[in-house]
Amino acid sequence: MHHFGNPNFELIRHDVVEPILLEVDQIYHLACPASPVHYKFNPVKTIKTNVVGTLNMLGLAKRVGARFLLTSTSEVYGDPLQHPQVETYWGNVNPIGVRSCYDEGKRTAETLTMDYHRGAQVEVRIARIFNTYGPRMCIDDGRVVSNFVAQALRKEPLTVYGDGKQTRSFQYVSDLVEGLMRLMEGEHIGPFNLGNPGEFTMLELANVVQETIDSNAKIEFHPNTEDDPHKRKPDITRAKEMLGWEPKISLRQGLPLMVTDFQKRIFGDQSVTAATSGTGTGTSVGST
Ligand SMILES: O=c1ccn([C@@H]2O[C@H](COP(=O)(O)OP(=O)(O)O[C@H]3OC[C@@H](O)[C@H](O)[C@H]3O)[C@@H](O)[C@H]2O)c(=O)[nH]1
């Protein structure tokens, strides 16, 4: 948004499922809903975005000679049988499951990317992004970190799905942005895992949210969703060695930055008093 006043910046609102002609040097292809709640809402549109949308962006890259970066996902590993996940692991995906519009869609997008590279010499880069959080996420995004933060701030119970023992590894958004730019500017195609190897069960995440926002926040168990991966943690050796990249911000450092932003958006200017009064800890979130 800070670029809006810049005369050299142009924002075009466009659905990648429709072709578009532009003069560009680089394409960061990030288009697609990433929250399971949103990508499952209209699965046909999700797979169209991943397949037709990626074809259109690769076609554009080929036509104008642009370098193309695909943001793929840790979901290409499905419910992984190998832990942590290395880029050479081919994954364990249910091709007819409710998540397949996204995970098979992104797998196809990776295939298309490599086929345009091999067949049409398009310069390509592939990132596999692991769970990411940070300020400016939609409050109703539906993913676990934004759900827990919004729930704790609103004094609602934290909704843990299943037994809460499934794991994820949470990456702060600025670490991801740095990784994507290094990948785009570097010499290596990938795929590269971009994620923070710090691994947490959902119950541990709920505890960190309690410590950060409200030690009295209750936990409420809900049935888990279909095909939910049991564990997930990136092996980032390749990104460290070939991109010189690794995440810098731990969950305990990054979460308060997101909480401050959520407080402002949920409560407006009264955020500090509203969110922290009467809580057990309310530590760093109110004052930053
Ligand atoms: O309120 C909630 C939401 C989610 N969860 C659990 O938290 C875990 C993480 O779920 P999320 O919805 O945040 O994200 P997922 O890991 O399922 O999918 C994500 O994977 C990586 C990215 O590519 C995408 O952003 C997204 O597909 C799951 O086990 C889920 O069952 C809760 O316990 N409570």
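Above this text you will find the structure in question.
Residues numbered from 1 in each chain as written. Predicted model: local features only at pLDDT ≥ 70, side-chain atom pairs only at ≥ 80, totals over all residues. Heavy atoms only, no water.

Visitor: Could you give an account of the pattern of salt bridges, with specific residues and numbers?
Guide: As enumerated under the stated definition, the model contains 14 salt bridges in all. As a salt-bridge pair, Asp115 and Arg118 come within 3.2 Å of each other at their nearest N and O atoms. Within this pair, Asp115 and its partner Arg118 are both found in helix α3 (residues 100-120), separated by three residues, close to a single helical turn. A relative accessible area of 40% places Asp115 in the partly exposed class. For Arg265, the salt bridge is made with Asp261, and the minimal N-O distance between the two is 2.9 Å. One end of the pair, Arg265, and the other, Asp261, are both in helix α8 (residues 251-267), four residues apart, so they sit about a helical turn from each other. Residue Arg265 is classed as partly exposed on the basis of its relative accessible area, which comes to 37%. Salt bridges here are not isolated pairs; linked through shared partners, they connect Glu75, Arg99, Arg168 and Asp228. (Salt bridge = Lys/Arg side-chain N within 4 Å of Asp/Glu carboxyl O. Helix = DSSP H or I, 4+ residues; strand = E, 2+ residues; numbered from the N terminus. Buried < 20%, exposed > 50% of the residue type's maximum accessible area, 1.4 Å probe, protein only.)

Visitor: Which residues make up the sheet that holds strand β1 (residues 26-29), and what values do they have?
Guide: Spatial strand order, β1-β2-β3-β8: four strands in an open sheet with parallel pairing. With one partner strand each, in any of the chains shown, β1 and β8 (192-194) form the two edges of the open sheet. Sheet twist, expressed as the average angle between the axes of neighbouring strands with direction ignored, equals 25°. Bridge analysis of strand β2 (residues 67-73) against strand β3 (residues 124-129) gives six bridges, and the strand direction is parallel. Within β3, the position partnered with Phe68 by the bridge is Val124. (Pairing = 2+ DSSP bridges. Axes fitted to C-alpha atoms, helices over the stretch in contact; angles between N-to-C directions.)

Visitor: I'd like a description of the environment of Pro256, backed by residues and values.
Guide: Following the sequence through the fold, Pro256 ends up in helix α8. Measuring from C-alpha to C-alpha, the distance between Pro256 and Val149 comes to 9.6 Å, with 107 residues separating the pair along the chain.

Visitor: Can you explain the site of the ligand? Please cite residues and give values.
Guide: Taken together, 24 residues surround the ligand, and among them Thr73, Glu75, Thr159, Arg168 and Asp228 come closest. Here an oxygen atom of the ligand and a side-chain polar atom of Glu75 are 2.3 Å apart. Contact with the protein chains covers 96% of the free accessible surface of the ligand, which is 670 Å². Partitioned by chemical class, the residues of the shell around the ligand number 10 nonpolar, eight polar and six charged. (Near = heavy atom within 4 Å. Polar contact = N/O pair within 3.5 Å; in protein donor to acceptor, adjacent residues only side chain to side chain. Areas by Shrake-Rupley, 256 points an atom, 1.4 Å probe, with all protein chains shown as cover. Nonpolar A, V, L, I, M, F, W, Y, C, P; charged D, E, K, R; others polar.)

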